[in-house]
Amino acid sequence: MWISFAGIGLFAISVLLVTVSRTKLKGLWQVLVSTLAFVCFIVASIIMVFIVMAGPSA
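Since we're looking at a predicted model, the values are computed, not measured.

S.K.: I keep staring at the overall build of the chain and nothing clicks. Help me out?
M.R.: Of regular secondary structure, the chain possesses two helices and zero strands. The C-alpha atoms of the chain give a radius of gyration of 14 Å, which is well past the 10 Å a tight globule of 58 residues would have. The principal-axis extent of the C-alpha atoms belonging to the chain is close to 50 × 15 × 10 Å. By residue count, 17% of the 58 residues in the chain fall in the buried class. For the chain, the accessible area works out to roughly 4600 Å², and carbon and sulfur atoms hold 80% of it.

In structure tokens, the structure reads:
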């Protein structure tokens, strides 16, 4: 269950990073922060797929 919270947190971090990079940053910093947001999004997506495929635990 805790790993799913980490995935949700990574999704939130990626949204915040994209928002900051598009509104506040320019040039190389914008590319770097957007790339970090993309990596967070991919890792969170992998976590969510793993949680859904694992099914219920009881």
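Back to the text.
S.K.: Mind showing me how you'd approach helix 1 (residues 2-23) here?
M.R.: In an α-helix, one turn spans 3.6 residues; hence positions three or four apart end up facing the same way. Compared with the 32 Å implied by 1.5 Å per residue over 22 residues, the 32 Å span of helix 1 between its first and last C-alpha is a close match. Considered for burial, the residues of helix 1 that qualify are Ser4, Gly7, Leu10, Ser14 and Ser21. An end-on view of helix 1 places all buried positions within 115° of arc, on one side of the element. For helix 1, exposure combined with an orientation more than 90 degrees from the buried face picks out Trp2, Val15, Leu16 and Thr23. Elements that come into contact with the buried residues of helix 1 comprise helix 2 (28-54).

S.K.: Help me out: how do you make sense of the side chain of Ser4 in this one?
M.R.: Within the secondary structure, Ser4 sits in helix 1. Judged by its relative accessible area of 15%, Ser4 falls in the buried class. Residues in contact with Ser4, not counting those within four places in the same chain, are Met48 and Ile51.

S.K.: Help me understand the side chain of Ser21, please; the structure alone is not making it clear to me.
M.R.: Looking at the element boundaries, Ser21 is found in helix 1. There is a polar contact of 3.0 Å between the side chain of Ser21 and the backbone oxygen of Val18. In this structure, Ser21 is in contact with Gln30, Val33 and Ser34, ignoring residues within four places of it in sequence.

S.K.: Whenever I open this one, the packing of aromatic side chains confuses me. Can you help?
M.R.: The relation between two aromatic rings is expressed through the spacing of the ring centres and the mutual angle of the planes. Summed over the entire model, instances satisfying the criterion amount to two aromatic pairs. Seen from their ring centres, Trp2 and Phe5 are 5.5 Å apart, and the 70° between their planes marks the pair as edge-to-face. Of this pair, Trp2 and Phe5 both sit in helix 1, three residues apart, roughly one helical turn. Of the residues examined, Trp2 reaches a relative accessible area of 70% and is grouped as exposed. Judged by its relative accessible area of 42%, Phe5 falls in the partly exposed class. When the centroid spacing of 5.5 Å and the interplanar angle of 65° are considered together, the rings of Phe11 and Phe41 count as edge-to-face. Here Phe11, found in helix 1, pairs with Phe41, found in helix 2; they are 30 residues apart in sequence, far enough to count as distant. Residue Phe41 is classed as partly exposed on the basis of its relative accessible area, which comes to 40%.

Criteria and thresholds
Residues numbered from 1 in each chain as written. Predicted model: local features only at pLDDT ≥ 70, side-chain atom pairs only at ≥ 80, totals over all residues. Heavy atoms only, no water. Helix = DSSP H or I, 4+ residues; strand = E, 2+ residues; numbered from the N terminus. Rg over C-alpha atoms; globule rule 2.2 N^0.38 Å. Buried < 20%, exposed > 50% of the residue type's maximum accessible area, 1.4 Å probe, protein only. Areas by Shrake-Rupley, 256 points an atom, 1.4 Å probe, with all protein chains shown as cover. Expected span 1.5 Å × (residues − 1). Arc of directions from axis to C-beta. Contact = heavy atoms within 4.5 Å. Polar contact = N/O pair within 3.5 Å; in protein donor to acceptor, adjacent residues only side chain to side chain. Phe/Tyr/Trp six-rings, centres within 6.5 Å; stacked < 30°, edge-to-face > 60°.

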